[in-house]
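Structural characterization, general
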Amino acid sequence: MPDEATQAEITAEIREVERRTGESGRAVRHPLRDYAPYRSSILRHPTHELIKVDPEEIERTAPTFGHVDVDPYESDLTVQHPADPLGERIIVTGRVLDGDGRPVRNQLLEVWQANASGRYIHKRDQHPAPLDPNFTGVGRTLTGDDGSYTFVTIKPGPYPWKNHRNAWRPAHIHFSLFGNAFTHRLVTQMYFPGDPLFALDPIYQSIPEQAARDRLIATYDHDLTVPEIATGYRWDIVLTGSTATWMEDEHGDH
Amino acid sequence: MATTERADGQPALSGQEPLTAAESIARQEDLSGTPPLVQTPSQTIGPFFGFALPFEGGPELVPATAPGAIRLHGTVFDGAGEPVPDAILELWQADEGGNIVQEPGSRYRARGVFTGFGRAAVLADGTFEFLTLLPGPVASGARYAVLTLFARGLTHHLITRAYFVAEGEAEPTDALLERVDADRRGTLLARQDGPASYRFDVRIQGDGETVFLDYPGPR
Ligand SMILES: [Fe+3]
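Please read these numbers as outputs of a predicted model, since none were measured by experiment.

Locating Tyr159 of chain A in the fold gives a position in strand 6 (residues 159-161). Sequence separation between Tyr159 of chain A and Arg124 of chain A is 35 residues; the distance between their C-alpha atoms is 14 Å. Those residues in contact with Tyr159 of chain A, other than ones at most four positions away along the chain, are Ala114, Gly118, Tyr120, His127, Ala167, Trp168, Arg169, His172 and His174 of chain A together with Phe48 of chain B. Here the side chain of Tyr159 of chain A touches Tyr120 of chain A through a polar contact of 3.4 Å, side chain to side chain. A polar atom in the side chain of Tyr159 of chain A sits 3.1 Å from the side chain of His172 of chain A.

In structure tokens:
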């Protein structure tokens, strides 16, 4: 049964969690796992503290991917079908680095997204917006030696979901990244600047710190924009692994 | 879209002039801040990854007929004890000799290389199954694989270890297991439940909640 909370009620919950987290003085750079405004998290977060462990060798390494795993054309989501997809063609580019500023080289980066109308090709997406026969919305690439990546795609539309009444997700592209260590694995979402839905969205707002939320928003970069072809966005990603939500003194025994 | 080569070997999009060396360096220094850099936050994998992340052979690190092939299987449960129908797990482990394989081919099994990486989406009943090899022991003598869990509702993925325990074998012990309360240690054990088969259920919340891990590192 869909949750019948109104947007105003959800927004009030979001602001309340934000206030309480701010008071705790913790550096919260990842979303809260127990975040009731995002209803699906209620039964899907651990109640025990995570156990802090020093990574062993397997956790300090990461799987290797190569050109056998990814075709070069997979980084262009606009050329996977006979005709051009509908919507606003964009270029998304950036670098993937670890916390020491080292490039994450030759590593797998996967993206998926809705089409320009806000519809996923996924069979369980019931949003009554049109599918685009010329757009699947899946891309892959390997980062370069300098950690750089580039995708060509279509700007996704916002879409409704069932978290509460009249819930809409800001436009976003899902990213899946492997780092220099398996513990650096990250799945996240990239957003577009100035989206009016940010303040209302319990997924974006599940990160309590505004500075951390801002790290998910790409920058429009006119130098990346290609005349007559596509507008350009830049988004850099830093992978370090630690959830970094610990109190300062919790580092004591490491 | 037609591409041309840039001076640095990266493909440039048509219509863009190749970057000069100075411009390339300026670009590379665009990322603001000095190390340690602040990490990018996680966001949930959401419900709609099924057309993007699973791949052919993802759960089969080895063919069922491979010598030494074992099954690692289980069910993912939520805090109400209900199976989670829309989770996806990843497995990362050493080979039978305890060596960490650094070879491509995890998304292209036809190459026939054991890479130590697998990915398995759960079925509608919350069950998952990998076909793999028993990882060789680390210095402590324990044999384990690392597992990550992603799902709608998980704002940040969860990481755990599955320690393999064969029938009649003593429970392993190592630095991590010693630190876990005795009544929760069992959640980290993949116990043999048949010939060449090990079971590892994942309980996200509540009774029998799986021990999940966090790793110190740069912030
Ligand atoms: Fe989405």
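Residue and element names in this part refer to chain A. At 1.9 to 2.2 Å from the iron ion lie its protein donor atoms, namely Tyr120 (OH), Tyr159 (OH), His172 (NE2) and His174 (NE2). Taken together, the 4 donor atoms coordinating the iron ion span angles of 87 to 157° at the metal, a pattern that classifies the geometry as irregular. Motif for the iron ion, donor spacing along one chain: Y-x38-Y-x12-H-x1-H. An identical accessibility class is assigned to His172 and His174; each is buried.

Glancing now at the interface of chain B and chain A. Each side of the interface is counted separately: chain B has 80 residues, and chain A has 98 residues. Counting the surface lost from both chain B and chain A, the interface buries some 8,400 Å², and carbon and sulfur atoms represent 58% of this. At the junction of chain B and chain A, the tally comes to 6 salt bridges. For the interface between chain B and chain A, the tally reads 40 residue pairs in polar contact (both at pLDDT 80 or more).

Time to look at the side chain of Thr93 of chain A. Residues and elements named next belong to chain A. With respect to the element layout, Thr93 can be found in strand 2 (residues 89-98). For Thr93, a relative accessible area of 10% puts it in the buried group. Contacts of Thr93, omitting those with residues within four sequence positions, involve Tyr149, Thr150, Leu224, Tyr233, Arg234 and Trp235.

Further remarks concern the pattern of salt bridges. All names here are of chain A. All told, the structure shown has 26 salt bridges over all chains when counted by the stated rule. The salt bridge partner of Arg102 is Asp100, with a shortest N-O separation of 3.5 Å. What makes Arg102 partly exposed here is its relative accessible area of 47%. Residues joined by salt bridges that share partners form a network here, namely Glu16, Arg19, Arg20 and Glu23.

Definitions and limits used
- Residues numbered from 1 in each chain as written.
- Chains lettered and ligands numbered in written order.
- Predicted model: local features only at pLDDT ≥ 70, side-chain atom pairs only at ≥ 80, totals over all residues.
- Heavy atoms only, no water.
- Helix = DSSP H or I, 4+ residues; strand = E, 2+ residues; numbered from the N terminus.
- Contact = heavy atoms within 4.5 Å.
- Polar contact = N/O pair within 3.5 Å; in protein donor to acceptor, adjacent residues only side chain to side chain.
- Donors = N, O, S within 2.8 Å, 3.2 Å for Na, K, Ca; no water.
- Tetrahedral: all angles 85-135°; square planar, octahedral: opposite > 155°, others 65-115°.
- Buried < 20%, exposed > 50% of the residue type's maximum accessible area, 1.4 Å probe, protein only.
- Buried area = accessible area lost by both parts, 1.4 Å probe.
- Salt bridge = Lys/Arg side-chain N within 4 Å of Asp/Glu carboxyl O.

None of the figures reported here should be taken as evidence of function without further support.
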